[in-house]
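Below are the chains, spelled out letter by letter.
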Amino acid sequence: MKAIVQDRYGSSDVLEFKEVDKPVPAEHEVLVRVHAASVNARDWHFLRGDPYLARMAMGWRAPKVNIQGTDFAGRVEAVGSGVRGFRPGDEVFGEAPKAFAEYITVPESVIATKPANLSFEQAAAIPLAANTALMGLRDVARVQPGQRVLVNGASGGVGTFAVQLGKIFGAHVTGVCSARNVELVRSIGADEVIDYTKEDFSLGTQPYDVILDLVGNRSLRDLRRVLTPTGILVLSGGGVSEGGSLLGPMGLFIKGRLLSSFVGQRLVTFSALPGRENLATLSKLAESGKLTPAIDRSYSLSEGAEAIRYLEMDHARAKVVITV
């Protein structure tokens, strides 16, 4: 089968589109014929091995996982002997390593039935990004109807889902983005949109109950300035694509955790873990028409390196998908 392979850290130039062995599902795994995948900020972090401290988990000198990608949608081709919830022919979507390939084996616990009304490309845009937004707003911030929520990075992959989920939860949502993305963020339901090239949201006079920071480009002081005294700041920024850093966005996360013990506001970070239950929730929202993936651009699998390059250079808005 064909896949996007990475044997060393570097720019997207190190990625190769080549033939690799087709995987075989273990007892509790499912073999999926991938029809679409999507690109996340995580992919360029893994591509460059950045921040350097993260290489303790990714692989110090070279990546432990040499096939890129995590989000996918496709059809089940075969199942392991212990799989009970899926069978060949089922259309599924989910999140697991090695998604930028024609086939992927995944535990049945991290996939769910694809939303019937979405294409494979739309479904592949959901898993990591929408799950991050869901867990950040529902499980961490516990957003309530009537609360004021600010999403910094509202036009990105996670941000476009966060704006929609904030509205689903009954919040008043303000999105922060650049001028060219104002209409996009408004079209997905934001009550207010701040163009950061014209206005500094941290100088606003009306505080927010929840701030979901998906960029990591502002100081804790700036973010806390427009947070209510008992508000919640959720730090989930992937950082910008400058690269070459020791801590990257983790520096802000560490500062937030240390400061949180001494202030009335909650400053929290979290890891969005993949799972069938959240995927099923997102699938129902998509099928009801309440949650719609926004896709910026599509690439073929052979153009996977260019897809990551496009996202990495901060030109992308919403989701970038790969058709297989």
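Residues numbered from 1 in each chain as written. Predicted model: local features only at pLDDT ≥ 70, side-chain atom pairs only at ≥ 80, totals over all residues. Heavy atoms only, no water.

Side note on the overall build of the chain
Assigned secondary structure in the chain consists of 10 helices and 15 strands. The burial tally for the chain puts 54% of its 324 residues in the buried class. Once local pairs closer than 6 in sequence are excluded, the contacts in the chain between residues at least 24 apart make up 68%. Accessible surface for the chain amounts to roughly 14100 Å². Of this, 51% is attributable to carbon and sulfur atoms. (Helix = DSSP H or I, 4+ residues; strand = E, 2+ residues; numbered from the N terminus. Buried < 20%, exposed > 50% of the residue type's maximum accessible area, 1.4 Å probe, protein only. Contact = heavy atoms within 4.5 Å. Areas by Shrake-Rupley, 256 points an atom, 1.4 Å probe, with all protein chains shown as cover.)

A word on the sheet that holds strand β12 (residues 227-235)
Backbone hydrogen bonds are what pair the strands of a sheet, in a parallel or an antiparallel way. Read across the open sheet, the 6 strands follow the order β10-β9-β8-β11-β12-β13; overall the sheet is parallel. Two strands lie at the open edges of the sheet, namely β10 (192-195) and β13 (266-269), each paired on one side alone. Taking the axes of each pair of neighbouring strands and ignoring which way they run, one obtains an average angle of 15° across the sheet. Two strands pair when backbone bridges link them, and strand β9 (residues 172-177) and β10 are joined in this way by 4 bridges, in the parallel orientation. Following the sheet pairing, Gly175 is matched in β10 by Val193. Each of β8 (148-152), β11 (208-213), β12 and β13 is contacted by helix α4 (residues 127-140), which is oriented at about 145° to β12, the strand it contacts most. (Pairing = 2+ DSSP bridges. Axes fitted to C-alpha atoms, helices over the stretch in contact; angles between N-to-C directions.)

Some remarks on the packing of aromatic side chains
Under the definition given, this model contains 1 aromatic pair. Consider the rings of Tyr299 and Tyr310, whose centres lie 6.3 Å apart with planes at 50°: the pair is tilted. Placement of the pair is Tyr299 in strand β14 (residues 295-300) and Tyr310 in helix α10 (residues 304-312), with a sequence separation of 11 residues. The residue whose ring lies beneath Arg297 is Tyr310, and the NZ or CZ to ring-centre distance is 4.1 Å. (Phe/Tyr/Trp six-rings, centres within 6.5 Å; stacked < 30°, edge-to-face > 60°. Lys NZ or Arg CZ within 6 Å of the ring centre and 35° of its normal.)

What about the side chain of Thr105?
Note on placement: Thr105 falls in strand β6 (residues 103-107). By relative accessible area, which is 19% here, Thr105 ends up buried. Apart from the residues within four sequence positions on either side, Thr105 is in contact with Pro23, Val24, Pro25, Glu29, Val30 and Leu31.

So, the packing of helix α1 (residues 41-48) against α10
Two numbers describe how α1 lies on α10: the axes approach to 9 Å, and their chain directions differ by 105°. Between α1 and α10, the angle is such that the two are roughly perpendicular. Residue-level contacts link Ala41, Asp43, Trp44, Leu47 and Arg48 of α1 to Ile308, Leu311 and Glu312 of α10. Class assignment of the residues belonging to the contact of α1 with α10 gives a composition of 5 nonpolar, no polar and 3 charged. (Parallel < 35°, antiparallel > 145°, perpendicular 65-115°, else oblique. Nonpolar A, V, L, I, M, F, W, Y, C, P; charged D, E, K, R; others polar.)

A closer look at α4
Because an α-helix completes one turn every 3.6 residues, residues spaced three or four positions apart along the sequence face the same direction. Most of α4 is tucked away: 12 of the 14 residues are buried. Buried within α4 we find Pro127, Leu128, Ala129, Ala130, Asn131, Thr132, Ala133, Leu134, Met135, Gly136, Leu137 and Val140. Trailing α4 by a residue or two, Arg142 shows a phi angle of about 50°, which is positive.

Observations concerning the environment of Lys167
Along the chain, the position of Lys167 falls in helix α5 (residues 157-168). We classify Lys167 as partly exposed; its relative accessible area is 31%. Along the primary structure Lys167 and Ile188 are separated by 21 residues, whereas in three dimensions their C-alpha atoms are 9.4 Å apart. When neighbours within four sequence positions are excluded, Lys167 is seen to be in contact with Val173, Gly189 and Asp191. Of the polar contacts made by the side chain of Lys167, one reaches the side chain of Asp191; its length is 2.9 Å. (Polar contact = N/O pair within 3.5 Å; in protein donor to acceptor, adjacent residues only side chain to side chain.)

Points about the nonpolar core
Counting 47 residues, the largest nonpolar core has Ile126, Leu137, Val143, Val151, Val163, Leu165 and Val234 as the members making the most contacts within it. Here the element with the most residues in this core is α4; it accounts for 7 residues. When residues no more than four places from it in sequence are discounted, the contact partners of Leu137 are Arg142, Val143, Val149, Ala162, Leu165, Gly166, Phe169, Val210 and Leu212. Among the nonpolar cores identified, the runner-up in size contains 32 residues, and Tyr299, Leu301, Ala305 and Leu311 belong to it. (Core = buried A, V, L, I, M, F, W, Y, C linked by side-chain atoms within 4.5 Å.)

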